[in-house]
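Architecture and fold: a report
One letter stands for each residue in the lines below.
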Amino acid sequence: MMRTSRAVCTLIAVASFALAFPAMGAEPAFDSATRQGAKEAFRRGLTLVDDGRFEEAAIAFEEAYAAEPQRAVLYNIGQAHAAARHYARAADALARYLAGDRAELPPERVAEVAATLEQLAHRLGQLELTIAPAAADVRVDGQKVALEAGHALRLDPGNHIVSAVLDGYASTERRVHIAAEETRVLSQQLAPLASAAGPNAPATARSVASVEHGERSKPRSALPDAPRSSSHARRTWAAISAGG
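Please read all numbers here as calculations on a predicted model, not as lab measurements.

Quick look at the pattern of salt bridges
Scanning all chains against the criterion turns up seven salt bridges. When the shortest N-O distance is used, the salt bridge between Glu56 and Arg53 registers 2.7 Å. For Glu56, a relative accessible area of 38% translates into the label partly exposed. For Asp137, the salt bridge goes to Arg139, with nearest N and O atoms at 2.8 Å. One network of salt bridges, with partners in common, ties together Asp137, Arg139 and Lys144.

Quick look at the packing of aromatic side chains
A full pass over the atoms with the stated rule returns two aromatic pairs. Seen from their ring centres, Phe42 and Phe61 are 5.4 Å apart, and the 55 degrees between their planes marks the pair as tilted. Here Phe42 is found in helix H1 (residues 35-50), whereas its partner Phe61 is found in helix H2 (residues 54-67), with 19 residues between them in sequence. Look at Phe61 and you get buried, because its relative accessible area is 0%. Ring plane angle 50 degrees and centroid distance 5.5 Å describe the contact between Tyr75 and Tyr97, whose orientation is recorded as tilted. Residue Tyr75 is located in helix H3 (residues 71-83), and its partner Tyr97 is located in helix H4 (residues 87-99); the two are separated by 22 residues in the primary sequence.

Notes on unusual backbone geometry
In this structure, the amide linkage connecting Ala132 to the following residue, Pro133, adopts the cis form with an omega of 0 degrees. Turning to its location among the elements, Pro133 is positioned in the loop between strand E3 (125-132) and strand E4 (137-140). The backbone of Arg85 shows a phi angle near 70 degrees, a positive value even though the residue is not glycine. One can find Arg85 in the loop between H3 and H4. The phi dihedral of Asp141 is positive, around 55 degrees, even though this residue is not glycine. In this structure, Asp141 sits in the loop between E4 and strand E5 (143-144). A relative accessible area of 41% places Asp141 in the partly exposed class.

Things to note about the nonpolar core
Core analysis: the biggest nonpolar cluster contains 30 residues, and Phe61, Tyr97, Leu98 and Val113 have the highest contact counts within it. Elements supplying a minimum of two residues to this core: H1, H2, H3, H4 and helix H5 (107-121). Ranked by residues supplied to this core, first place goes to H4 with eight residues. In this structure, Val140, Val162, Leu186 and Leu190 belong to the second largest nonpolar core, which totals 15 residues.

Side note on the sheet that holds strand E8 (residues 172-178)
Strand order across the open sheet formed by four strands is E5-E4-E7-E8, with antiparallel pairing between neighbours. Taken across any chain shown, the strands that pair with only one partner, and hence form the sheet edges, are E5 and E8. Pairing geometry for E4 and strand E7 (residues 158-165), over four bridges, is antiparallel. Counterpart to Asp137 in the pairing with E7 is Val165.

Let's talk about H5
Look at H5: 21 Å from first C-alpha to last across 15 residues, which is about the 21 Å you get at 1.5 Å a residue. Among the residues of H5, Val110, Val113, Thr116, Leu117 and Leu120 are the ones counted as buried. Projected down its long axis, H5 shows its buried positions confined to an angular sector of 130 degrees, all on one face. Facing away from the buried side of H5 by over 90 degrees, the exposed positions are Pro107, Glu108 and Glu118.

Cut-offs applied
Within each chain, residues carry numbers counting from 1 in the order of the written sequence. With the structure being a predicted model, the display of local features is reserved for residues of pLDDT at least 70 and the display and counting of side-chain atom pairs for 80 or more, all residues being used for whole-chain, interface and lining totals. Working from all heavy atoms in the structure, the side-chain values ignore hydrogens and water. Salt bridges, as used here, are contacts in which a Lys or Arg side-chain nitrogen is within 4 Å of a carboxyl oxygen on Asp or Glu. Whether a residue is buried, partly exposed or exposed follows from its accessible area with a 1.4 Å probe, protein chains only, as a fraction of its type maximum: under 20%, in between, or over 50%, in that order. Centres within 6.5 Å are what make two rings of Phe, Tyr or Trp a pair, Trp counting through its six-membered ring; a difference in plane orientation under 30 degrees is then read as stacked, over 60 as edge-to-face, and the rest as tilted. Elements are defined by DSSP. Helices are runs of H or I of four residues or more, strands are runs of E of two residues or more, and each kind is numbered from the N terminus. By convention a nonpolar core is built from buried Ala, Val, Leu, Ile, Met, Phe, Trp, Tyr and Cys residues, the set being connected through side-chain atoms within 4.5 Å. Following DSSP output, two strands are said to pair if at least two bridges run between them. In a helix, the anticipated span is given by 1.5 Å times the number of residues less one. The arc in question is formed by the directions pointing from the helix axis toward the C-beta atoms.

Here you go:
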């Protein structure tokens, strides 16, 4: 049987999650200066979609977007990540796709993407993260994140590693488990190192003491789980670097 056209691929269905994702978008008009590399990466992505290799397809589309940031490519990035069950990355790409002037997009495409984002929201958890000092380098699962007041990070369900590093302060790492449609709140205050704080400052280490609902608990390992509550969908905890 002849393959579906690579310009408009067949529907991608993720039956086990009751989510259906529409066809890939057609190839955009790449600028002449970067046309060849972007076009090759984009077409490679469509080929990988045809083969059902969605994770690799997403990487190829991201390569095309990096070579030339065409808005239309964000749609394919989002669709490929969604089919690969990378829901947070899918939501990020599709939200960026809608972030521009929606009048430039077909109304049916806007409605379709908005509906997909609503579906994805039910597959994601959120992490409200506050790190002090604000200059710290913050990463989630090794990826640098920019923290904005009032904006939560959207994350796929499961375990995630949150790390914070700043010269002159003790670095921290935390394992946080997030479920779908759950919001976790994490606040970390990095402790100054003795050499930076002065000779009388307490010694610091990578261990972190955790506090939830006013109760203090000791870290169980060098990379402890965040405390969890069995009765609240929104779970709040704070982590403070401490010397004892």
